[in-house]
Amino acid sequence: MGDTHKPNILVFSPIQTEVEAYADCIRNNGFISVKAAKTLGEAEKYLPGTEVILGWNFPTQLLCKPIA
């Protein structure tokens, strides 16, 4: 079998300790490209290239925003 693709993951929560805990849990399960964001600005910065979003209270306006 070939290499298994590991997606670019964005974890979002406005609660800092929560977002870091979730991101660490994902990283501990073998995922390498995991970004953690707790603000709209951080999420916007990490959104390009993101393939999977795990989040609570994710800023929905970013889901409709075109990425150049």
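Here, the structure is the one placed above.
Here the structure is a predicted model, which is why all the values come from computation and not from measurement.

Enquirer: What am I meant to see in the packing of aromatic side chains here?
Expert: Two numbers describe a pair of aromatic rings. These are the distance of the centres and the angle of the planes. Scanning the entire structure with this criterion turns up one aromatic pair. Seen from their ring centres, Phe12 and Phe58 are 5.4 Å apart, and the 80° between their planes marks the pair as edge-to-face. One end of the pair, Phe12, is in strand S1 (residues 9–12); the other, Phe58, is in the segment after strand S3 (52–55), and 46 residues separate them in sequence. One exposure class covers both Phe12 and Phe58, and it is buried. Its guanidinium or amino end placed over the ring of Phe31, Lys6 lies 5.3 Å from that ring's centre, counting from NZ or CZ.

Enquirer: Explanation requested: the sheet that holds S1 in the structure shown.
Expert: Sheet strands pair via backbone hydrogen bonds, and the direction of the pair is either parallel or antiparallel. The sheet built from three strands is open, its strands ordered S2-S1-S3 with parallel pairing. In this open sheet, the two strands that pair with only one neighbour each are strand S2 (34–37) and S3. Averaged over neighbouring strand pairs, the angle between their axes works out to 20° when direction is ignored. The pairing of S1 with S3 spans four bridges and is parallel. Paired with Val11 across the strands is Leu54, a residue of S3. This element, helix H1 (residues 16–27), spans S1, S2 and S3 of the sheet and lies at about 175° to S2.

Enquirer: How do you make sense of the side chain of Ser13 when you look at a structure like this?
Expert: With respect to the helices and strands, the residue Ser13 is situated in the loop between S1 and H1. Its relative accessible area of 1% is what places Ser13 among the buried residues. Polar contacts involving the side chain of Ser13 include one to the side chain of Glu18, which spans 2.8 Å. Those residues within four positions of Ser13 in sequence are excluded, and the remaining contacts are Glu18, Val19, Ala37, Lys38 and Trp56.

Enquirer: Explanation requested: the environment of Val52 in the structure shown.
Expert: Within the element layout of this structure, Val52 appears in strand S3. Overall, Val52 belongs to the partly exposed group, its relative accessible area being 35%. Distance from Val52 to Ile9, taken between C-alpha atoms, is 4.8 Å for residues 43 residues apart in sequence. When residues no more than four places from it in sequence are discounted, the contact partners of Val52 are Pro7, Asn8, Ile9 and Leu10.

The rules behind the values
- Residues numbered from 1 in each chain as written.
- Predicted model: local features only at pLDDT ≥ 70, side-chain atom pairs only at ≥ 80, totals over all residues.
- Heavy atoms only, no water.
- Phe/Tyr/Trp six-rings, centres within 6.5 Å; stacked < 30°, edge-to-face > 60°.
- Helix = DSSP H or I, 4+ residues; strand = E, 2+ residues; numbered from the N terminus.
- Buried < 20%, exposed > 50% of the residue type's maximum accessible area, 1.4 Å probe, protein only.
- Lys NZ or Arg CZ within 6 Å of the ring centre and 35° of its normal.
- Pairing = 2+ DSSP bridges.
- Axes fitted to C-alpha atoms, helices over the stretch in contact; angles between N-to-C directions.
- Contact = heavy atoms within 4.5 Å.
- Polar contact = N/O pair within 3.5 Å; in protein donor to acceptor, adjacent residues only side chain to side chain.

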